[in-house]
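# Structural overview for review
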Amino acid sequence: MNRRILQVGPLKPSLAATLTERYDALVLPDDHARAAFLAEHGPSIGAVVTTGRTGVTADLMAQLPSLGAIVNFGVGYDAIDVEEAAARGVLVSHTPDVLTDCVADTAIGLTIDTLRTQSAADRFVRRGDWPATGSYPLARKVSGKRVGILGLGRIGRAIATRFEAFGCPISYHSRREVPGSPYRYAASPAALAADVDVLVLATSGGSSTRHLVDRTVLEALGPEGYLINIARGSVVDQAALVELLLAGGIAGAGLDVYTNEPEVPAELMALDNVVLLPHLASGTVETRAAMEQLTLDNLDRWLADGTVLTPVPEMPSRGAARSR
Ligand code: 8YV
C-alpha cells in the first residue's frame, strides 16, 4: 500500500508541522504548480489530511489513484465527495464527539447574545453612547423560550440538554423521529419553525440539507422568531434570510456560518439584531487539540492496519474496494 501523506488545504499549524516532521507529508500547492506536482506525486499518495473547509473533490481523487484514506479535521465533511470516495474504496474519517461540547456551547452563547443583544450593547459602551444616551434599549428574555432544533444528532442533543437548563420547551425535526427522545417531534422544518421562538440549526451540510431552511421556513418562524445557525451556511437560503432580516420578517439571527465563507453579506453589518461570528464554534484550545489528536489517531490507525477509528457514517471503517 502507498503510504505517502498529502496535506490538502491549510491546517492548524501544529498539525501541519507534525505531518511534515513526523510523517514526511507533502503539501498540495494551490497554484499553477499543482498539475506538475500531481503528475509527479499523485500516484504515490496513500492518504490525504484535510479540513471541512477545503475537502477533496472527485477531480482530485482521480489524480490520486492509490488513495486509501481521507482523514478530515472536523466533524462536517460536506466538502468531501463521499460518494466518489466510497465508489473508489477510499475511507473517510472525521472528528465527531470531541467538538460537541464547544459547538453546543457556542449555540447557547450565540442565542443569548442575539436575544439579549450583548455584542451590540458592547459596541454601545465602546462608542461612548452610555453617558450620552442613557439607558440601553430592552432586549428579549432567553429562559423559557420555545426552542426548535433542526437536526437532533450529537450536537443537536447537546444543545437541547443545555436549553433544558434554561427551562426552554424543546422540539425538533430530523430526517427521522428519534425513538425515546423526550422532545416533541415536528413533521417538517416549517412546522418546527412555526411553533418556536428560536430555531437552532444543527444539521449536517451537503446536498441533502441544502436550503432546508428556505423562505417558507423563515416566514413560518416569523417576525418574533430568531434563527441560530452553527451548522453550515448551505442549510439556509441566505438571500431570503437577508431580505427577511432587513424587512423585519424575522426578529434576529445569530450566525457562525455563511454561504460563501469568509464572505458575510454586507447588509447584515449594520444590524444590531444580528450577531456575526467567523465560523468559530469548535475554536477553543482544548477542542482543537482534541480534534488534532483524533485526526492523527485516525491517520495512525490507517497506516497500521488500513482502518480508521471514526469513519463518516456513510462507510465502514475498512475500505471495500481498496484491493482494486
Ligand atoms: C471547523 C467545523 O471549523 O468540524 C466542523 O465541521 O465546521 C469546525 O469544527 C472546521 O472543520 C475546521 O476547518
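Here we summarise the structure given alongside this text. Fair warning: this is a prediction, and the values are worked out from it, not measured in the lab. (Residues numbered from 1 in each chain as written. Predicted model: local features only at pLDDT ≥ 70, side-chain atom pairs only at ≥ 80, totals over all residues. Heavy atoms only, no water.)

## Some thoughts on the overall build of the protein
Per the secondary structure count, the protein includes 12 helices and 12 strands. Taking 324 residues into account, the globule formula puts the C-alpha radius of gyration at 20 Å, and the protein, at 22 Å, falls close to it. Along the first, second and third principal axes, the C-alpha set of the protein runs to 65 × 50 × 30 Å. Residues classed as buried in the protein amount to 49% of the 324 residues present. Side-chain charges in the protein split into 29 positive and 36 negative, and the spacing between the mean points of these groups amounts to 4 Å. (Helix = DSSP H or I, 4+ residues; strand = E, 2+ residues; numbered from the N terminus. Rg over C-alpha atoms; globule rule 2.2 N^0.38 Å. Buried < 20%, exposed > 50% of the residue type's maximum accessible area, 1.4 Å probe, protein only. Lys, Arg positive; Asp, Glu negative; His and termini not counted. Charge placed at Lys NZ, Arg CZ, Asp CG, Glu CD.)

## Quick look at the site of the ligand
Near the ligand there are 13 residues, and of these V75, G76, R232, H279 and S282 occur at the shortest range. Within the contact set of the ligand, an oxygen atom lies 3.4 Å away from a backbone nitrogen or oxygen of F73. Here R232 contributes a side-chain N or O atom positioned 2.8 Å from an oxygen atom of the ligand. For the ligand, the protein covers 92% of the area, taking 330 Å² as the surface of the free molecule. (Near = heavy atom within 4 Å. Polar contact = N/O pair within 3.5 Å; in protein donor to acceptor, adjacent residues only side chain to side chain. Areas by Shrake-Rupley, 256 points an atom, 1.4 Å probe, with all protein chains shown as cover.)

## Regarding the packing of helix 1 (residues 13-23) against helix 12 (residues 285-305)
The relative placement of two packed helices is expressed as an angle between their axes plus a distance between the axes. At a closest axis distance of 10 Å, the pairing of helix 1 and helix 12 adopts a crossing angle of 25 degrees. As summarised for this structure, helix 1 and helix 12 are arranged roughly parallel, according to the angle between their axes. In this structure, the crossing between helix 1 and helix 12 has a hand that is right-handed. On helix 12, the residues that touch S14, L15, T18, L19 and Y23 of helix 1 are E292, T295, L296, L299, D300 and L303. Tallied by class, the residues present in the contact of helix 1 with helix 12 amount to six nonpolar, three polar and two charged. (Axes fitted to C-alpha atoms, helices over the stretch in contact; angles between N-to-C directions. Parallel < 35°, antiparallel > 145°, perpendicular 65-115°, else oblique. Left-handed = near helix turned anticlockwise from the far one by under 90°. Contact = heavy atoms within 4.5 Å. Nonpolar A, V, L, I, M, F, W, Y, C, P; charged D, E, K, R; others polar.)

## Description of the nonpolar core
Formed by 70 residues in total, the largest nonpolar core has its most connected members in I70, I149 and I159. Broken down by element, the residue count for this core peaks at six residues, all from helix 5 (residues 100-116). Both domains that meet at this core, namely domain 1 (4-96 + 286-305) and domain 2 (100-276), each give it at least three residues. Leaving out residues up to four positions away in the same chain, I159 has contacts with A104, A107, I108, I149, V200, A202 and I230. (Core = buried A, V, L, I, M, F, W, Y, C linked by side-chain atoms within 4.5 Å. Domains from an automatic or database assignment.)

## Looking at the side chain of H279
Relative to the assigned elements, H279 resides in the loop between strand 12 (274-276) and helix 12. Not counting chain neighbours up to four residues away, the residues in contact with H279 comprise R53, R232, D256, V257 and E261.

## Considering the pairing of strand 6 (residues 147-150)
Alternating positions in strand 6 separate into two faces, V147 and I149 on one and G148 and L150 on the other, with burial throughout. As paired strands, strand 6 and strand 7 (residues 170-173) are joined by four bridges and run parallel to one another. Bridge assignment links I149 to a residue of strand 7, and that residue is Y172. Handedness of the strand 6-helix 8 (residues 154-164)-strand 7 crossover: right-handed. As paired strands, strand 6 and strand 9 (residues 198-201) are joined by four bridges and run parallel to one another. Along strand 9, the bridge assignment pairs I149 with V200. (Pairing = 2+ DSSP bridges. Right-handed = clockwise from strand over helix to strand, strands pointing away.)

## Things to note about the sheet that holds strand 2 (residues 26-27)
In spatial order, the strands read 2-1-3-4-5; together these five strands make up an open sheet with parallel pairing. In this open sheet, the two edge strands, each paired with only one partner strand, are strand 2 and strand 5 (91-93). Pairing geometry for strand 1 (residues 4-7) and strand 3 (residues 45-51), over four bridges, is parallel. From the neighbouring strand, Q7 faces strand 3, where its bridge partner is V49.

## Overview of the pattern of salt bridges
Across all of its chains, the model carries 14 salt bridges by this definition. In this structure, the salt-bridge partner of K12 is E292, at a minimum N-O distance of 2.5 Å. Separated by 280 residues along the polypeptide, K12 in the loop between strand 1 and helix 1 and E292 in helix 12 bring together distant segments of the chain. Residue classification places K12 among the partly exposed positions, given a relative accessible area of 25%. Among the ionic pairs, R88 bridges to E84, the shortest N-O distance being 2.8 Å. Placement of both R88 and E84 in helix 4 (residues 82-88) is noted, with a separation of four residues, approximately one turn of the helix. The exposure class assigned to E84 is partly exposed, which follows from its relative accessible area of 24%. Counted as one network, the salt bridges with shared partners bring together D101, D105 and R162. (Salt bridge = Lys/Arg side-chain N within 4 Å of Asp/Glu carboxyl O.)

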